[in-house]
Amino acid sequence: MTKTKKEKNNSVGVVETKLFTFAGQLNLVSGEKLGPVTLAYETYGSLNKDKSNAILVLHALSGDAHAAGVYAGGDDTGWWNEMIGPEKAFDTNRYFIVCSNVIGGCKGSTGPSSINPATGKPYALDFPFITVADMVEAQRHLIDHLGIDQLLCVAGGSMGGMQVLQWVASYPERVRSAIPIASTLKHSPQQIAFNEVIRQSIMADPAWREGNYYEYGQPEKGLSVARMIGHITFMSDQSMEEKFSRRLKSDHFSFGFDADFEVEGYLRYRGANFVKRFDANSYLYITKAIDYFDLSGGKLIPHGKTIDTRFLIISFKSDWLYPPHQSQDIVRALKRRHVDATYCELTTTYGHDAFLIEVEEQTTLIKHFLDKTFNGYLVTGHYGN
Amino acid sequence: METENIHLDHQVIFSIIEPASRVLDLGCGEGELLYPLVRDKHVRAQGIELDDKSIQECVKKGLSVFHDDIESGLREYPDNSFDYVILNQSMQQVKKVDGVIQESLRIGTKVIVGFPNFAYIKSRFSLFLHGKSPVTKSLPYLWYDTPNVRFLSITDFKTFCAEKKIRIVEAHYLGEKEVVRFLPNLFALNAIFVLTNKMMRQG
């Protein structure tokens, strides 16, 4: 009871998703153009007078603009609700938080399920290929629209972390600090391999119809298998043991192909749920975008260039999808350029999911890091006093 | 508690470091040394530390720190990235001491090394009279739970520097509460050396 009450007190409360459409076309990395482009976004807290307290929060693969609070009449809290709110890691009493959806998605921003103005039908596979740099370019238009010259911080986990790194690569002077969590400078062959299996499982479903399924409904089987694969990679061996062990759904084996084990039931449930909320073509396009992602070899900060952006990099010991050594690669790239940075590998069994779950330690790190970025050091006296 | 002694070595290092310089502290703990340097001398500080809890404390103080071990954490830094690299009370826990000191000399103009003196008079008594491994204020651990893997004296370290052609720019010898000037290898609990392998400009 008290917990619910407390939760209400430090929630951002009722929020709504806004849409921002910019005229003109986005010149994509592929050479193609996309336009007009709409981005879905939410904001929490308020922008101060000199517009110096804005933080852009970026979501992972299947996330959306709804990072915190609830919609009127609903009780679905945002995906980072534990981290964004009054006195939380991203303190809405002090900072103005913007969460932007990505292009290519299906949560209000322009993506393959949006109507192609040229045909009046959903884009489907006529949607151009996009990259993480294109996602950031679209967000840059949004940040311009909000009148923010420089962001206090850009933060996000997983694919959100890639967007963070891309922001620094594209617009270092507009980013005072960066927090990439459980992320990487480039997708590894293992990560590409998982994404390829995910894509193949969608495309192998006859209901996918070469992407033209919008009149018929989603390729449910393929998409749910795709998501099941994803969920395995988000957990760890240990977290699965803790969560499911070998527990059965009933008290005996079925000696059939029903879901005997709890872990099977969990994956099926997750897969079935995902079909209701996420567009299969979006999953194809976005996984491809992150496979193309590569800021290694001096592409994050070019040789001979210095940047003032401060970094907080967080990884999780049990994360085998985006393992700590990938975060250490980011750290190495920053060392070479003398960038002010903090790196912390948190001990947790949650695997990749930890960036959504491990609230306490992340809060300590992020809260103080932001405070230092925003306020600098308070000179309180001299050594020995 | 060895706090007074620790305090003294921090004070000495604090006084050595020039304002607004670039400092890397290897094994920075909870930032007890870096924080006053940043606050009062406006140094540009970076710590390296292995302990999660200590890292959280550093971040609470607003310090920048890498979760890494000293032996692998230096490679990527370009030459002369720092004015000072500090290796205080952490060298004795390092396995490849020579490699770490050479790397520190490469990436820093000066290297400040602080370590407990194993030839301190009470250590000698302990070993010589009682036949027991010494436990002192600067080496407070019992043999079975010490993090230290290197046990050295002030004389040992000077010999090491001479052999490796590392120049000792400054030496400070510390007792329990004050600086030791007489027979430091016998009476000092801790020593702090400032090293370089760079040609210093005159004047």
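Residues numbered from 1 in each chain as written. Chains lettered and ligands numbered in written order. Predicted model: local features only at pLDDT ≥ 70, side-chain atom pairs only at ≥ 80, totals over all residues.

Q: Please provide a residue-by-residue account of the overall build of chain A, values included.
A: Across its full length, chain A carries 11 helices and 16 strands. Judged by the C-alpha coordinates and their principal axes, chain A covers about 75 × 55 × 45 Å. When burial is assessed residue by residue, chain A has 50% of its 385 residues classed as buried. (Helix = DSSP H or I, 4+ residues; strand = E, 2+ residues; numbered from the N terminus. Buried ≥ 20, exposed ≤ 12 C-beta atoms within 10 Å, placed from the backbone.)

Q: Before we move on, could you go through the overall build of chain B and cite the residues and values that matter?
A: Secondary structure assignment for chain B yields seven helices and seven strands. Across chain B, helices and strands are ordered from the amino to the carboxyl terminus as α-β-α-β-α-β-β-α-β-α-α-β-α-β. Expected size for 203 residues packed as a compact globule is a radius of gyration near 17 Å; at 16 Å, chain B falls within 12% of this value. For chain B, the C-alpha atoms occupy an extent of roughly 50 × 40 × 30 Å along the three principal directions. Here chain B holds 203 residues, and the buried ones make up 44% of them. For chain B, the proportion of contacts with a sequence separation of at least 24, taken over those separated by at least 6, is 63%. (Rg over C-alpha atoms; globule rule 2.2 N^0.38 Å. Contact = placed C-beta atoms within 7 Å.)

Q: Summarise the environment of Pro 184 of chain B; cite the residues concerned and give the values.
A: All names here are of chain B. Tracing the backbone through its elements, the reader meets Pro 184 in helix 7 (residues 184-187). Spatially, the C-alpha atom of Pro 184 lies 27 Å from that of Leu 37, the residues being 147 residues apart in sequence. Those residues within four positions of Pro 184 in sequence are excluded, and the remaining contacts are Ile 154, Tyr 173 and Ala 191.

Q: Which residues make up the interface of chain A and chain B, and what are the values?
A: At the junction of the two partners, chain A supplies 25 residues and chain B supplies 20 residues. Within the residue set of the side of chain A that touches chain B, elements represented by two or more residues are helix 9 (324-336), strand 16 (341-346) and helix 11 (359-375) of chain A.

Q: For the packing of helix 2 (residues 132-145) of chain A against helix 3 (residues 159-170) of chain A, give the residues involved together with the corresponding values.
A: Residue and element names in this part refer to chain A. At a minimum axis separation of 9 Å, helix 2 and helix 3 run at an interaxial angle of 70 degrees. Comparing the axis directions of helix 2 and helix 3 gives the class roughly perpendicular. The segment helix 2 lies against helix 3, with Val 132, Ala 133, Met 135 and Val 136 engaging Met 162, Gln 163, Gln 166, Trp 167 and Ser 170. (Axes fitted to C-alpha atoms, helices over the stretch in contact; angles between N-to-C directions. Parallel < 35°, antiparallel > 145°, perpendicular 65-115°, else oblique.)

Q: Residues and numbers for the environment of Lys 33 of chain A, please.
A: All names here are of chain A. As for its placement among the helices and strands, Lys 33 is situated in strand 4 (residues 33-34). For Lys 33, a count of 11 C-beta atoms within 10 Å translates into the label exposed. The spatial distance from the C-alpha of Lys 33 to the C-alpha of Ile 130 is 9.9 Å, given a sequence separation of 97 residues. Aside from chain neighbours lying at most four places away, what touches Lys 33 is Gln 25, Leu 26, Asn 27 and Leu 28.

Q: Break down unusual backbone geometry for me, citing the residues and quoting the values.
A: Residue and element names in this part refer to chain A. Of note, the amide linkage connecting Gly 35 to Pro 36 takes the cis form, showing an omega dihedral of -5 degrees. The backbone of Glu 87 sits at a positive phi, close to 65 degrees, despite the residue not being glycine. Checked against the element boundaries, Glu 87 lands in the loop between strand 8 (84-85) and strand 9 (90-91). Of note, the phi angle at Glu 210 is positive, near 55 degrees, even though the residue is not glycine. Checked against the element boundaries, Glu 210 lands in the loop between helix 4 (189-203) and helix 5 (220-234).

Q: Could you give me a rundown of the domain arrangement of chain A, with the residues and numbers involved?
A: Residue and element names in this part refer to chain A. Its domain assignment divides chain A into domain 1 (2-187 + 295-374) and domain 2 (194-287). Tallying the contact residues gives 23 residues for domain 1 and 17 residues for domain 2. Here the residues of the side of domain 1 that touches domain 2 are counted per class, giving 13 nonpolar, nine polar and one charged. (Domains from an automatic or database assignment. Nonpolar A, V, L, I, M, F, W, Y, C, P; charged D, E, K, R; others polar.)

Q: Quick rundown of the packing of helix 11 of chain A against helix 3 (residues 52-60) of chain B? Include the residues and the values.
A: Look at helix 11 of chain A against helix 3 of chain B: their axes get within 8 Å of each other, and the N-to-C directions meet at 30 degrees. Looking at the two axes, helix 11 of chain A sits roughly parallel to helix 3 of chain B. Considering how the two elements wind past one another, helix 11 of chain A and helix 3 of chain B form a crossing that is left-handed. On the side of helix 11 of chain A, the interface is formed by Glu 361, Thr 364, Leu 365, His 368 and Phe 369 of chain A, while helix 3 of chain B contributes Gln 56, Val 59 and Lys 60 of chain B. Among the residues making up the contact of helix 11 of chain A with helix 3 of chain B, the classes are represented as three nonpolar, three polar and two charged. (Left-handed = near helix turned anticlockwise from the far one by under 90°.)

Q: Provide a residue-level description of helix 3 of chain B, including the pertinent values.
A: Every buried residue belonging to helix 3 of chain B is among Ile 55, Glu 57, Cys 58 and Val 59 of chain B, and all of these are buried. Where the residues of helix 3 of chain B are buried, they touch strand 16 and helix 11 of chain A together with strand 2 (44-49) and strand 3 (65-67) of chain B. Just downstream of helix 3 of chain B, Gly 62 of chain B is the residue with a positive phi angle, here 85 degrees.

Q: Residue-level account of the confidence of the model for chain A, with values.
A: Residues and elements named next belong to chain A. With 95% of its residues at a pLDDT of at least 70, chain A reaches an overall mean of 94. Here residues 1-6 scores under 50 on pLDDT; set against residues more than four positions off or in separate chains, the count is zero contacts. Considering only residues more than four positions removed or in separate chains, one finds that residues 379-385, a stretch of pLDDT under 50, has seven contacts. (pLDDT = per-residue confidence, 0-100.)

Q: Give me the nonpolar core: which residues, what numbers.
A: Residues and elements named next belong to chain A. Core analysis: the biggest nonpolar cluster contains 160 residues, and Ile 55, Val 57, Ile 84, Ile 97, Leu 151 and Val 154 have the highest contact counts within it. Structurally, this core is a two-domain feature, drawing no fewer than three residues from each of domain 1 (2-187 + 295-374) and domain 2 (194-287). Dropping the residues within four chain positions of it, Ile 97 is found in contact with Thr 43, Tyr 44, Gly 45, Ile 55, Val 57, Ile 84, Phe 90 and Thr 92. (Core = buried A, V, L, I, M, F, W, Y, C linked by C-beta atoms within 7 Å.)

Q: An account of the pairing of strand 5 (residues 108-116) of chain B is needed here, citing residue identities and associated values.
A: All names here are of chain B. In terms of burial, strand 5 is a largely internal element, eight of the nine residues being buried. Relative to strand 5, strand 4 (residues 82-88) is paired through six bridges, and the arrangement is parallel. Bridge pairing in strand 5 places Leu 87 opposite Val 113. Running through helix 4 (residues 97-107), the crossover from strand 4 to the neighbouring parallel element strand 5 is right-handed. Two elements, strand 5 and strand 7 (residues 190-196), share six bridges in a ladder whose sense is antiparallel. Each bridged residue has a counterpart across the sheet, and for Phe 115 the counterpart in strand 7 is Ala 191. (Pairing = 2+ DSSP bridges. Right-handed = clockwise from strand over helix to strand, strands pointing away.)

Q: I'd like a rundown of the confidence of the model for chain B, residues and numbers included.
A: Confidence in the prediction of chain B, expressed as mean pLDDT, is 90, and 95% of residues score 70 or more. Low pLDDT, under 50, characterises residues 1-6 of chain B; the stretch is placed with 11 contacts to residues that sit more than four places away or in other chains.

Q: Lay out the environment of Cys 58 of chain B in plain terms, naming residues and giving numbers.
A: Residue and element names in this part refer to chain B. Mapping Cys 58 onto the fold places it in helix 3. For Cys 58, a count of 29 C-beta atoms within 10 Å translates into the label buried. The contact partners of Cys 58, leaving out residues within four places of it in the chain, are Cys 28, Glu 30, Gly 31, Gly 47, Glu 49, Leu 63 and Val 65.

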